Amino acid sequence: ILNVEQSPQSLHVQEGDSTNFTCSFPSSNFYALHWYRWETAKSPEALFVMTLNGDEKKKGRISATLNTKEGYSYLYIKGSQPEDSATYLCASVTGGGNKLTFGTGTQLKVEL
Amino acid sequence: KAGVTQTPRYLIKTRGQQVTLSCSPISGHRSVSWYQQTPGQGLQFLFEYFSETQRNKGNFPGRFSGRQFSNSRSEMNVSTLELGDSALYLCASSSSGTGLNTGELFFGEGSRLTVL
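Conventions we followed
- Per chain, the residues get numbers from 1 upward, laid out in the order the sequence is written.
- Here every chain gets a letter starting at A, and every ligand a number starting at 1, in the order they are written.
- Under the rules for a predicted model, residues below a pLDDT of 70 receive no local features and side-chain atom pairs below 80 are neither given nor counted, while totals for whole chains, interfaces and linings still include all residues.
- Each side-chain value is derived from all of the structure's non-hydrogen atoms; neither hydrogens nor water enter the calculation.
- Contact definition: two residues touch when any of their heavy atoms are within 4.5 Å.
- Buried area is calculated as the accessible area (1.4 Å probe) missing from two parts once they are joined, with the contributions of both summed.
- By convention in these notes, a salt bridge is any Lys or Arg side-chain nitrogen within 4 Å of a carboxyl oxygen on Asp or Glu.
- Definition of a polar contact: a pair of N or O atoms within 3.5 Å, with one able to donate and the other able to accept a hydrogen when the atoms are protein atoms, and with sequence-neighbouring residues admitted only if both atoms are side-chain atoms.
- Elements are defined by DSSP. Helices are runs of H or I of four residues or more, strands are runs of E of two residues or more, and each kind is numbered from the N terminus.
- Only when DSSP finds a minimum of two bridges between them are two strands counted as paired.
- Comment: axis = line fitted to C-alpha atoms, over the contacting stretch for helices; angle = value between 0 and 180 degrees taken between N-to-C directions.
- Each residue gets one of three labels from its accessible area relative to the maximum for its type: buried under 20%, exposed over 50%, partly exposed in between, using a 1.4 Å probe on protein chains only.
- Side-chain rings of Phe, Tyr and Trp, where Trp is taken by its six-membered ring, are said to pair if the distance between their centres is within 6.5 Å; with planes under 30 degrees apart they count as stacked, over 60 as edge-to-face, and otherwise as tilted.

Novice: Give a detailed account of the interface of chain A and chain B, specifying residues and quantitative values.
Specialist: The interface of chain A with chain B comprises 19 residues on the first partner and 24 residues on the second. Counting the surface lost from both chain A and chain B, the interface buries some 1,600 Å², and carbon and sulfur atoms represent 62% of this. Here chain A and chain B share zero salt bridges between them. Joining chain A to chain B, the criterion identifies two residue pairs in polar contact (both at pLDDT 80 or more). Residue assignment for the side of chain A that touches chain B shows that the elements contributing at least two residues are β4 (32-38), β5 (45-50), β9 (86-94) and β10 (99-102) of chain A. Tallying contributions element by element places β4(A) first for the side of chain A that touches chain B, with four residues.

Structure (structure tokens):
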């Protein structure tokens, strides 16, 4: 993996469904992985900054895991709500710790 | 606590002109980074500044430049504008002094540039 890749590109789920997305990143020279939520007409908002292999973070119904050896992170949303509709971005820190490379995001739509 | 402020929010320029965008970080934040968002490319890293020093730069031509002042406010400049420079430009500040590996970013609302 040379770039940061996210899958799926978009996702439609029903309210109450649980869902997850994948972020793949270069495992060499790893510094940290960021997750952001970007709602339409708003600014991206930080969810997690993850630095340790095996790290797991949780904020309410959203959680994330990190595997730095194989270069992937999963973001989970439990019991999706319409307000979870947004684009979820991950970004890998490279360049000696001062450069962020973003994936193109997973666009989530939660329908009633 | 005031958030990250970007000005102007919207602007229209013509090819060949130059533009300067401003970013005021959250008080106490000394790291400011800039990003370009276009529909096909997603968020692309432009550069990062800390204490008036550029610590890293993305893969953009030399027409894109920036600077940071002693109060941590930052500006970015694009000279000789091209149609492809039309984009949303976001800046973000961070409290981390050791790099982007420890501190989350706080984004501004962006400056939307249209080049005609």
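From this point, the discussion proceeds with the structure in view.
Novice: Run through the sheet that holds strand β6 (residues 56-59) of chain A, naming residues and quoting values.
Specialist: Residues and elements named next belong to chain A. On the basis of which strands lie adjacent, the open sheet formed by five strands has the order β1-β3-β8-β7-β6 and antiparallel pairing. For this open sheet the edge positions go to β1 (5-7) and β6, each flanked by a neighbour on one side alone. Neighbour-to-neighbour, the strand axes of the sheet open up by a mean angle of 15°, direction not taken into account.

Novice: With reference to specific residues and values, describe the pattern of salt bridges.
Specialist: Applying the stated rule across the entire model yields nine salt bridges over all chains. Where A:Asp84 meets A:Arg61, a salt bridge forms, and the shortest distance between an N and an O atom there is 2.9 Å. Of this pair, A:Asp84 sits in the loop between β8 (72-77) and β9 while A:Arg61 sits in the loop between β6 and β7 (62-67), placing them 23 residues apart in sequence. A:Asp84 gets classed as buried once you look at its relative accessible area, which sits at 3%. A:Arg61 sits in the partly exposed class, given a relative accessible area of 34%. Note that B:Arg63 is salt-bridged to B:Glu82, the shortest N-O span being 3.6 Å. Here B:Arg63 is found in the loop between β6 (53-57) and β7 (64-68), whereas its partner B:Glu82 is found in the loop between β8 (74-78) and β9 (87-94), with 19 residues between them in sequence. Using a relative accessible area of 43% as the deciding quantity, one classes B:Glu82 as partly exposed. By sharing partners, the salt bridges in this structure join B:Arg63, B:Glu82 and B:Asp85 into a single network.

Novice: Lay out the packing of aromatic side chains in plain terms, naming residues and giving numbers.
Specialist: Applying the stated criterion to the full structure yields 11 aromatic pairs over all chains. Ring geometry for B:Phe47 against B:Tyr49: centres 5.7 Å apart, planes inclined by 65°, an arrangement best described as edge-to-face. An aromatic cluster of three or more residues is present, and its members are A:Tyr36, A:Phe102, B:Tyr35, B:Phe45 and B:Phe107.

Worth remembering: the numbers are spatial, not functional.
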